[in-house]
Amino acid sequence: MLQEIDWHARAKAVALPNRPFIDGQYVDSLSGETFACIYPGNGRLLTDVASCNAADVDVAVRSARRAFESGVWSRMAPADRRRILLRFSELILANREELALLETLNVGKPIANAYNGDVVSAAACIAWYAEAIDKVYGEVAATAHDMTTLVMREPLGIVAAVVPWNYPMSMAAWKLGPALATGNSVILKPAEQSPFTALKFGELAIEAGMPPGVLNVVPGLGHIAGKALGLHMDVDCVGFTGSTEVGKYFMQYSGQSNIKRIGLELGGKSPQVVLADCDDLDAAAAGIAAGIFANTGQVCNAGSRLIVDEKIHDQLLEKIAAQARVFAPGDPLDTATRMGSMVSEEQMDRVLGYIDAGRADGARPVLGGGRVKTETGGFYIEPTIFEGVRNDMKIAQEEIFGPVLSAIPVKGFDEAMAVANDTVYGLAGAVWTGSVKNAHRAAKSLRAGVVWVNCFDRGSLAVPFGGFKQSGFGRDKSLHAMDKYTDLKAVWFAH
Ligand code: NDP
């Protein structure tokens, strides 16, 4: 199916949603302002999109509050919410072609990834929470004989989901699934680079039977629409995925307004530790290359620091460089492409700035190191590997969010763990080893919310995802995600 579609022809014909979706319909923004949406594959304008301001956000919040207080969703029987969310998931799959295309046009990721990965995983996430919601139970606490005490979960009310551009549909679904399933109303604020699929989700939710106002979508700029949500006195919770810098703003907004709950999935600088006893360097090389070059390295848990024992350093780097060739940047709308463009010119320039900083600090590029495909007008960077990196260099400490791997040689297990943990981040980490003992020691030593042993970037909706340290707090995915969007209520019945 994927190969049978003429994606370039479809791209010329597809309708681009560009107005806020509030109270069950597309509406004009009050601000009248717009921002430009550029296709990063060729640098050309796709359309101008309405830029919501604080007044637009307020309209969305009032609509969401009306829906919540009416009980039309919040007090609906869980089994009924389940049916509507399952229908929503089915409609996402039914619109797979259009959603994949909109995602690729917005962010320049390969159409094969959007079609086989992003759409399918977003639909699966909504379905997972739909299936879960009528199967979770409250508690009966062990209190005195003349009391019956229930511990119940209640929705918080209005949840703002503020999400980034790297996996727009998946990041939205990770918030929408648990927040909607537990009965909240949600206002989704997509990143300015990627509003299309979020707006389409609003439309599909209505088609699935979700009452108007339960899911509103406000495209807009972070420092205007995002900030307005963060400061709004009637928003009860923000589920945020994005940079650590903006995560800190949301904590400030909360303190300056109504102490709204905040869940933060933030940046990372994840270590790929390869010990001298690794018994499958080919598997490690393949996992490490995919872990930094997939999605153009624009991945929060990208394995961007290679911490490798000096005994195997040269051999491993050669193998990773060979694997990296698979990720040569190509036309995002070509079904054979494995690596597309960067999301924007700004992000490309940011990554090129880090590559310059690596060179200036004395690290040596053994692969890549520059912009390519300039004749297309798009924003492409080749897979890049630096050797001779010290962990105190900028390219080892700061999140690059691009296809750049920094190789840091170490001696032995203890130094490897010390370097791996020497970062302000703690989202994820991996160890490659043939020793069961070292695998267990590393799993306990790495200060990260996710640890992979002899694999990388494996995930499941059944498993929580989120970070330690400045990678945030709260978890997406799994039943634990429901904690973020509910409050516990203790009810005491005297007999
Ligand atoms: P940003 O933090 O810049 O933006 C994320 C969202 O916040 C966007 O919707 C953005 O809007 C909004 N925003 C920006 N500034 C403000 C502000 N002052 N007040 C309120 N909202 C604001 O991140 P990126 O979009 O650049 O995404 C990349 C980052 O996301 C990386 O650091 C990455 O590590 C992290 N990330 C983390 C994941 C995780 O699960 N831990 C997963 C994926 C990404 P706008 O687009 O208009 O600026």
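Taking an unreviewed UniProt entry as the reference, the chain is identified by name as Gamma-glutamyl-gamma-aminobutyraldehyde dehydrogenase belonging to Cereibacter johrii. Quoted straight from UniProt, the Sequence similarities (unreviewed entry) entry for the chain says "Belongs to the aldehyde dehydrogenase family."

Chemist: Describe in detail the overall build of the chain, supporting the description with residues and values.
Modeler: Secondary structure assignment for the chain yields 16 helices and 24 strands. Relative to its length of 495 residues, the chain is compact, with a C-alpha radius of gyration of 23 Å against a globular reference of 23 Å. When each of the 495 residues of the chain is scored for burial, the buried share is 57%. As presented, the chain carries roughly 19,200 Å² of accessible surface, and 52% of it is formed by carbon and sulfur atoms. Mean positive and mean negative side-chain charge positions of the chain (47 and 55 charges, respectively) differ by 3 Å.

Chemist: Tell me what's going on with the environment of A336, and back it up with residues and numbers.
Modeler: Within the secondary structure layout, A336 lies in the loop between α11 (313-324) and α12 (345-360). Separated by 225 residues in sequence, A336 and I111 place their C-alpha atoms 8.8 Å apart.

Chemist: So, the packing of aromatic side chains: which residues are in play, and what are the values?
Modeler: Enumeration over the complete set of coordinates arrives at 11 aromatic pairs. A ring pair is formed by F293 and F327, whose centres lie 6.0 Å apart and whose planes are at 50°; its orientation type is tilted. Of this pair, F293 sits in helix α10 (residues 281-293) while F327 sits in the loop between α11 and α12; the two residues are 34 residues apart in sequence, bridging distant segments of the chain. Pair check on accessibility: F293 and F327 agree, each one buried. Taken together, F240, Y249, F250 and Y253 form an aromatic cluster joined through their ring pairs. For the cation-ring pair, R96 lies above Y115, with the distance from its terminal atom to the ring centre recorded as 4.1 Å.

Chemist: I'd love a proper account of the pairing of strand β8 (residues 185-189), names of residues and values included.
Modeler: Here β8 lies mainly inside the structure; five of its five residues are buried. Here β8 shows a buried face lined by S185, I187 and K189 and a second buried face lined by V186 and L188. Note: strand β7 (residues 158-162) against β8, five bridges, orientation parallel. Paired with V162 across the strands is K189, a residue of β8. For the crossover from β7 across helix α6 (residues 168-181) to β8, the handedness is right-handed. Sheet topology note: the β8/strand β9 (residues 215-217) ladder contains three bridges and is parallel. Across the sheet, the residue bridging to V186 is L215, located in β9.

Chemist: Just give me the short version of the site of the ligand, but keep the residues and values in it.
Modeler: Around the ligand, the surrounding shell holds 33 residues, and the nearest of these are E192, G222, S243, L266 and E399. Within the contact set of the ligand, a nitrogen atom lies 3.5 Å away from a backbone nitrogen or oxygen of E265. Of all elements in the fold, only α8 (222-231), β10 (237-241) and α9 (244-256) reach the threshold of two or more residues within the shell around the ligand. Looking at the shell around the ligand residue by residue, the class counts come to 18 nonpolar, 10 polar and five charged.

Chemist: Explain the packing of helix α3 (residues 78-94) against helix α5 (residues 111-133) residue by residue, including any values.
Modeler: For the pair α3 and α5, interaxial distance at closest approach is 8 Å and the crossing angle is 170°. With respect to each other, α3 and α5 are oriented roughly antiparallel. Seen from α3, the contacting residues are P78, R81, R82, L85, L86, F88, S89, I92 and L93; seen from α5, they are V119, V120, A123, I126, A127, A130, E131 and I133. By residue class, the composition of the contact of α3 with α5 is 13 nonpolar, one polar and three charged.

Chemist: Can you explain the sheet that holds strand β24 (residues 486-494)? Please cite residues and give values.
Modeler: Hydrogen bonds between backbone groups are what pair the strands of a sheet, and the pairing can be parallel or antiparallel. Within the open sheet, the three strands sit side by side as β5-β6-β24. Their pairing is antiparallel. Two strands close off the open sheet at either side, each with one partner strand: β5 (139-141) and β24. Between one strand and the next, the sheet's axes are offset by a mean angle of 30°, whatever the strand orientation. The sheet contact formed by β5 and strand β6 (residues 147-155) spans three bridges and is antiparallel. From the neighbouring strand, V140 faces β6, where its bridge partner is L150.

Chemist: Outline the state of the cysteines, listing residues and values.
Modeler: Working definition: the covalent bond between the sulfur atoms of two cysteines is a disulfide. Tallied over the entire structure, the rule returns zero disulfides. Here C52 stays unpaired: no disulfide links it, and the sulfur of C37, its closest cysteine neighbor, is 13 Å away. No disulfide involves C125; its nearest neighbouring cysteine sulfur is the one of C300, lying 14 Å away. Taking the relative accessible area as the measure of exposure, C125 reaches 1% and is therefore buried.

Chemist: Quick one: what's the story with the sheet that holds strand β13 (residues 305-309), residue by residue and with numbers?
Modeler: The seven strands lie next to each other as β14-β17-β18-β13-β12-β20-β21, forming an open sheet whose pairing is mixed. At either margin of the open sheet sits one strand with a lone partner, and together these are β14 (364-367) and β21 (450-453). In this sheet, neighbouring strand axes are inclined to one another by 25° on average, regardless of whether the strands run parallel or antiparallel. Looking at chain direction, strand β20 (residues 428-432) and β21 are connected through four bridges and run parallel.

Chemist: Summarise the UniProt feature "active site" (unreviewed entry) in the chain; cite the residues concerned and give the values.
Modeler: In this structure's numbering, the residues bearing the UniProt feature "active site" (unreviewed entry) are E265. Counting through the fold element by element, E265 comes out in strand β11 (residues 261-265). Once you skip the residues sitting within four places of it in the chain, E265 turns out to touch K175, F240, T241, G242, F465, G466, G467, S471, G474, R475, D476 and K484.

Chemist: Any details on α6? Residues and values, ideally.
Modeler: Along its 14 residues, α6 runs 20 Å from first to last C-alpha, staying within 8% of the 20 Å computed at 1.5 Å per residue. Counting buried positions over the 14 residues of α6 gives 14, a clear majority of the element. Immediately downstream of α6, the backbone of G183 shows phi near 100°, a positive value.

Conventions adopted
Residues numbered from 1 in each chain as written. Predicted model: local features only at pLDDT ≥ 70, side-chain atom pairs only at ≥ 80, totals over all residues. Heavy atoms only, no water. UniProt positions renumbered as here; feature names shortened; annotations may be inferred. Helix = DSSP H or I, 4+ residues; strand = E, 2+ residues; numbered from the N terminus. Rg over C-alpha atoms; globule rule 2.2 N^0.38 Å. Buried < 20%, exposed > 50% of the residue type's maximum accessible area, 1.4 Å probe, protein only. Areas by Shrake-Rupley, 256 points an atom, 1.4 Å probe, with all protein chains shown as cover. Lys, Arg positive; Asp, Glu negative; His and termini not counted. Charge placed at Lys NZ, Arg CZ, Asp CG, Glu CD. Phe/Tyr/Trp six-rings, centres within 6.5 Å; stacked < 30°, edge-to-face > 60°. Lys NZ or Arg CZ within 6 Å of the ring centre and 35° of its normal. Pairing = 2+ DSSP bridges. Right-handed = clockwise from strand over helix to strand, strands pointing away. Near = heavy atom within 4 Å. Polar contact = N/O pair within 3.5 Å; in protein donor to acceptor, adjacent residues only side chain to side chain. Nonpolar A, V, L, I, M, F, W, Y, C, P; charged D, E, K, R; others polar. Axes fitted to C-alpha atoms, helices over the stretch in contact; angles between N-to-C directions. Parallel < 35°, antiparallel > 145°, perpendicular 65-115°, else oblique. Contact = heavy atoms within 4.5 Å. Disulfide = S-S within 2.5 Å. Expected span 1.5 Å × (residues − 1).

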